[in-house]
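Listed below are the residues making up each chain.
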Amino acid sequence: MRILVTGGAGFIGSEYVRMLLGATGGDAEPPVREPDVVTVLDKLTYSGNPANLDPVRDDPRLRFVQGDICDPALVDEVVPGHDVIVHLAAESHVDRSIAGAAPFVTTNVLGTQTLLDAALRHGIRRFVHVSTDEVYGSIDEGSWTETWPLAPNSPYSASKAGSDLLALAYHRTHGMDVVVTRSSNNYGPYQFPEKVIPLFVTNLLDGGTVPLYGDGGNVRDWLHVHDHCRGIALVQQKGRPGEVYHIGGGTELTNRELTGRLLEACGAGWDRVDPVPDRKGHDRRYSLDTTKISKELGYAPSIDLERGLAATVRWYRDNRAWWEPLR
Ligand code: NAD
């Protein structure tokens with residue numbers, strides 16, 4: 001099996017690559033078959049970091065190509081010879097999309113279309129498109145199922161929704177074997193320190209304050225990155241073509257509750273919290289119904305939030321050399 005992972009030097013993509021190549025732990029065995037080749041295609045934007053692949057750097061099965069998924073000539077060169085594409089490359093930070101949407105539309109929409117075209121042209125057996133719960137907008141009560149209408153609110157989530165629809169359209173129009181995953185908020189090691197958990201932890205470890213948006217009442221479901229990748233691997237192997245699968249953590253917290261847990265884990269008090277004006281268009285609550293992946297593919301997260309957060313804080317404490325140059 002030859003697997004092409006786009007965005008494989010980012011937070012989630014690098015965990016997927018480390019998992020494929022057997023360099024990541026966890027109680028639950030990752031549901032992967034030994035690949036023959038894992039090719040990473042990554043532009044190395046500000047959030048892509050070759051150091052994320054250090055644990056597998058010497059694995060002879062790993063190939064690294066630095067390049068842009070929006071470059072049709074390059075993509076056309078890299079794609080042939082692979083059985084599966086797992087597509088994670090994206091512009092991924094909501095606040096950046098509010099400051100400027102252009103790179104989001106370019107990479108997330110045009111980049112995905114460029115890859116889909118190459119996959120179609122070269123007869124790739126399966127295309128796994130990794131997406132987000134944010135495409136549904138915000139939900140006050142209950143949980144979204146996979147057939148829920150898309151109603152994204154930020155330029156980031158709108159560009160991801162566009163890419164999801166394109167991927168599914170290539171299945172319907174061309175009969176391509178496409179599967180889409182949508183997950184909740186990820187946390188864990190190697191996450192760029194602009195996202196809330198690594199931002200708060202690294203600020204606290206440095207003796208600083210943490211910015212809490214609005215009233216802190218926004219609710220997110222938290223999923224350890226390793227469990228997300230276990231879910232993607234299951235979908236890669238057993239998901240039905242043309243289907244969408246939710247991957248959730250089953251642990252909803254308000255941002256205020258999350259902040260309390262991080263303060264405690266870092267031995268800090270509420271005097272270290274700096275309330276800031278709310279994010280524009282801030283979605284109030286995300287919540288995924290995960291019945292489908294659990295019933296069809298036997299998926300359940302393996303790392304509970306308390307243990308996962310403690311391990312994550314420990315990782316940032318022990319790996320200053322990784323994050324200090326990124327701040
Ligand atoms: P990330 O920003 O850490 O990584 C993105 C990677 O893509 C980086 O390595 C970057 O260099 C690369 N990249 C960006 N533009 C590129 C381009 N034009 N060509 C090639 N490579 C490019 O993001 P992440 O958090 O690891 O997210 C990965 C995927 O998972 C994204 O598609 C995101 O939408 C999705 N997702 C993320 C979360 C989350 O909580 N982080 C939740 C659900 C879904």
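Our subject is the structure that appears above.
Residues numbered from 1 in each chain as written. Predicted model: local features only at pLDDT ≥ 70, side-chain atom pairs only at ≥ 80, totals over all residues. Heavy atoms only, no water.

### Observations regarding the sheet that holds strand β6 (residues 178–183)
And step 1. Taken in spatial order, the seven strands line up as β3-β2-β1-β4-β5-β6-β10 in an open sheet, and their pairing is parallel. This sheet does not close on itself; its edge strands, each paired only once, are β3 (62–66) and β10 (244–247). Neighbour to neighbour, the strand axes of the sheet diverge by 20° on average, direction disregarded.
And step 2. Direction of pairing for strand β1 (residues 2–6) relative to strand β2 (residues 37–42): parallel, over a ladder of five bridges. Among the inter-strand pairings, V5 is bridged to a residue of β2, identified as V40.
And step 3. The sheet contacts of helix α1 (residues 11–20) involve β1, β2, β3 and β4 (84–87), and relative to β1 the element is tilted by about 160°.
And step 4. Where helix α7 (residues 225–238) meets the sheet, it contacts β1, β4, β5 (126–132), β6 and β10, and its direction lies at approximately 145° from that of β5. (Pairing = 2+ DSSP bridges. Helix = DSSP H or I, 4+ residues; strand = E, 2+ residues; numbered from the N terminus. Axes fitted to C-alpha atoms, helices over the stretch in contact; angles between N-to-C directions. Contact = heavy atoms within 4.5 Å.)

### What to know about the packing of aromatic side chains
And step 1. What the rule picks out here adds up to 10 aromatic pairs.
And step 2. Judged by centre distance (6.5 Å) and plane angle (75°), the rings of Y187 and W222 are edge-to-face. Pair noted here: Y187 is in strand β7 (residues 185–187) and W222 is in strand β9 (residues 219–224), with a separation of 35 residues, a long-range link.
And step 3. Members of the aromatic cluster, connected to one another through ring pairs, are Y190, W315, Y316 and W322.
And step 4. The ring centre of Y46 lies 3.5 Å from the NZ or CZ of R96, which sits over that ring. (Phe/Tyr/Trp six-rings, centres within 6.5 Å; stacked < 30°, edge-to-face > 60°. Lys NZ or Arg CZ within 6 Å of the ring centre and 35° of its normal.)

None of this, on its own, says anything about what the molecule does.
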